[in-house]
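# Analysis of the macromolecular model
Next come the chains, spelled out residue by residue.
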Protein chains: 2
Amino acid sequence: MGEDRREEILRAVGTALRTHGYARLTMQDIADESSVSKAALHYHFDTKQDLLVAFLDRLYDRFTARLDAAEAAAGDDPVARLEALVECTLQPPEDDPAGFRTAVLEIQAQAPFEPAYRDRLANVDAHLEARLAAAIGAAKDRGRFPDSADPEALASFVVTAIHGAHARGVATGHPVADARRALLDYLGDLVPADATGAETG
Amino acid sequence: MGEDRREEILRAVGTALRTHGYARLTMQDIADESSVSKAALHYHFDTKQDLLVAFLDRLYDRFTARLDAAEAAAGDDPVARLEALVECTLQPPEDDPAGFRTAVLEIQAQAPFEPAYRDRLANVDAHLEARLAAAIGAAKDRGRFPDSADPEALASFVVTAIHGAHARGVATGHPVADARRALLDYLGDLVPADATGAETG
């Protein structure tokens, strides 16, 4: 299968997930969002699960590229990089439609039944956690985070809070922007006052 | 419907959810877990959704009763009460099987499509958040939490982290016990050193 065809199919998966969610999603829904017939879809991907795994692989590549861009834009300050990673991961629904967030939570809830999904979801977490830990470690080295901070443990807690912001937003409509603000406040409070100077008043 | 019959049916919903998950759950699965026929189930509850709403109402009652018991057992110290609430909400899978946790996440992911689910899930959060805020407020009043702590904001952040611990556990297998430890450490770090004295070394 050519790259263009593959990209068209996987983009159609994203559109169909936003509209129909995961549980209700059919191969026909995906075909309807592309110029590819349902028969051709089945030729390339045996099952909806295979298609979703390819979609999750593409999502990983796109997510890590967005994190690269966010960190690069934040410049040299490790605290700014840390904040940029959180902001990039918790974009409010205007930029990242609620329909897509819901579909991702549905896929997460299927992970215990689909080991290939769980592998991909765990890879996303491991990548994000490593980047957060690197930024926290760099902040520590520059005296912008307390010596007592454990970068890996803190990064893991941030990843948990990010999961929570998404899940809670879907389950109850709690605004992701509020959860993001709370997480950024928590991280900001860890920065020693003498390291931030006038910035924090 | 008598209370015994109702309780038997709703207990069967819980058992069937643990085994089959939510997406795959049928009225027949629920009937199979009780002495009630599928026809009788349909007589009492028109749809799977109606049955799930009744189940979520029962879950709310049982959850709030567990929180009552946990707080009462923790005694008078508000920090101990706060920790007891977190521990009660994030029991490791030995006590709260992964199958049930997964089913709850599936139900959360359906909330955008089922307003009656969302109402119930939001009620659980509101109840937990109010209790956490009350414990944090009491801790502040006794000098066991910093004056700068905002009980409502902090309680909301804790609820988000609890959502995250559950969702992450289902999605990637990240141990709920680790996420609970991280959350308890975070809360413990907020207690001023002079308020805990020798307890924290």
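Just so we're clear, the structure is a prediction, and the values are computed from it rather than from any experiment.

Right, let's talk about the packing of aromatic side chains for a bit. All told, the structure shown has ten aromatic pairs over all chains when counted by the stated rule. A ring pair is formed by Tyr22(A) and Tyr117(A), whose centres lie 6.0 Å apart and whose planes are at 85 degrees; its orientation type is edge-to-face. Here Tyr117(A) lies in helix α7 (residues 115-141) and Tyr22(A) lies in the loop between α1 (3-20) and α2 (27-32), a separation of 95 residues in the sequence. Here Tyr22(A) falls in the buried class, since its relative accessible area comes to 6%. Given the relative accessible area of 0%, Tyr117(A) is considered buried. Here Phe157(B) and Tyr186(B) contribute two aromatic rings whose centre-to-centre distance is 5.5 Å and whose plane-to-plane angle is 85 degrees, an arrangement assigned as edge-to-face. Placement of the pair is Phe157(B) in helix α8 (residues 151-172) and Tyr186(B) in helix α9 (residues 176-190), with a sequence separation of 29 residues. What makes Tyr186(B) buried here is its relative accessible area of 9%. Taken together, the ring pairs connect Phe157(A), Tyr186(A), Phe157(B) and Tyr186(B) into an aromatic cluster. The residue whose ring lies beneath Arg18(A) is Phe100(A), and the NZ or CZ to ring-centre distance is 4.5 Å. Over the face of the ring belonging to Phe113(B) we find Arg24(A), whose NZ or CZ atom lies 4.4 Å from the ring centre.

Before going further, it helps to spend a moment on the interface of chain A and chain B. The partner chain B presents 37 residues to the 37 residues of chain A that form the contact. Summed over both sides, the interface of chain A with chain B buries roughly 2,900 Å², with 64% coming from carbon and sulfur. Remark: the boundary between chain A and chain B carries four salt bridges. Close ionic contact of Arg168(A) with Glu129(B) constitutes a salt bridge, the shortest N to O distance being 2.6 Å. At the level of secondary structure, the elements contributing two or more residues to the side of chain A that touches chain B comprise α6 (98-110), α7, α8 (151-172) and α9 (176-190) of chain A. The biggest single contributor to the side of chain A that touches chain B is α8(A), with 14 residues. Along the lines of polarity and charge, the residues of the side of chain A that touches chain B split into 19 nonpolar, twelve polar and six charged.

Overlaying chain A on chain B yields an RMSD of 0.0 Å, the required transformation being a rotation through 180 degrees with an accompanying axial translation of 0.0 Å. The transformation just described matches what one would write down for a two-fold rotation axis. Within chain A, Gly164(A) has its C-alpha nearest the rotation axis, a separation of 1.6 Å. When you check the interface residues of chain A against chain B, 100% turn up at the interface there too, and the contact is symmetric in its surfaces.

Moving on to the nonpolar core. As a rule of thumb, nonpolar side chains are buried together in soluble globular proteins. In this structure, Leu132(A), Phe145(A), Leu183(A), Leu132(B), Phe145(B) and Leu183(B) are the most contacted members of the largest nonpolar core, which totals 66 residues. Among residues more than four places away in sequence, those in contact with Leu132(A) are Leu82(A), Leu85(A), Val86(A), Ala155(A), Val158(A) and Val159(A). Within the second largest apolar cluster, 25 residues are counted, among which are Ile9(B), Ala40(B), Leu51(B) and Phe100(B).

Residue and element names in this part refer to chain B. Where α8 contacts α9, the two axes come as close as 9 Å, and the packing angle between them is 165 degrees. By the angle class used here, α8 and α9 are roughly antiparallel. In this structure, α8 crosses over α9, and the sense of that crossing is right-handed. Across from Leu154, Phe157, Val158, Ala161, Ile162 and Ala165 in α8, the residues of α9 making contact are Val176, Ala179, Leu183, Tyr186, Leu187 and Leu190. A class-by-class count of the residues in the contact of α8 with α9 yields twelve nonpolar, no polar and no charged.

Definitions and limits used
Residues numbered from 1 in each chain as written. Chains lettered and ligands numbered in written order. Predicted model: local features only at pLDDT ≥ 70, side-chain atom pairs only at ≥ 80, totals over all residues. Heavy atoms only, no water. Phe/Tyr/Trp six-rings, centres within 6.5 Å; stacked < 30°, edge-to-face > 60°. Helix = DSSP H or I, 4+ residues; strand = E, 2+ residues; numbered from the N terminus. Buried < 20%, exposed > 50% of the residue type's maximum accessible area, 1.4 Å probe, protein only. Lys NZ or Arg CZ within 6 Å of the ring centre and 35° of its normal. Contact = heavy atoms within 4.5 Å. Buried area = accessible area lost by both parts, 1.4 Å probe. Salt bridge = Lys/Arg side-chain N within 4 Å of Asp/Glu carboxyl O. Nonpolar A, V, L, I, M, F, W, Y, C, P; charged D, E, K, R; others polar. Least-squares fit on C-alpha atoms with pLDDT ≥ 70 in both. Core = buried A, V, L, I, M, F, W, Y, C linked by side-chain atoms within 4.5 Å. Axes fitted to C-alpha atoms, helices over the stretch in contact; angles between N-to-C directions. Parallel < 35°, antiparallel > 145°, perpendicular 65-115°, else oblique. Left-handed = near helix turned anticlockwise from the far one by under 90°.

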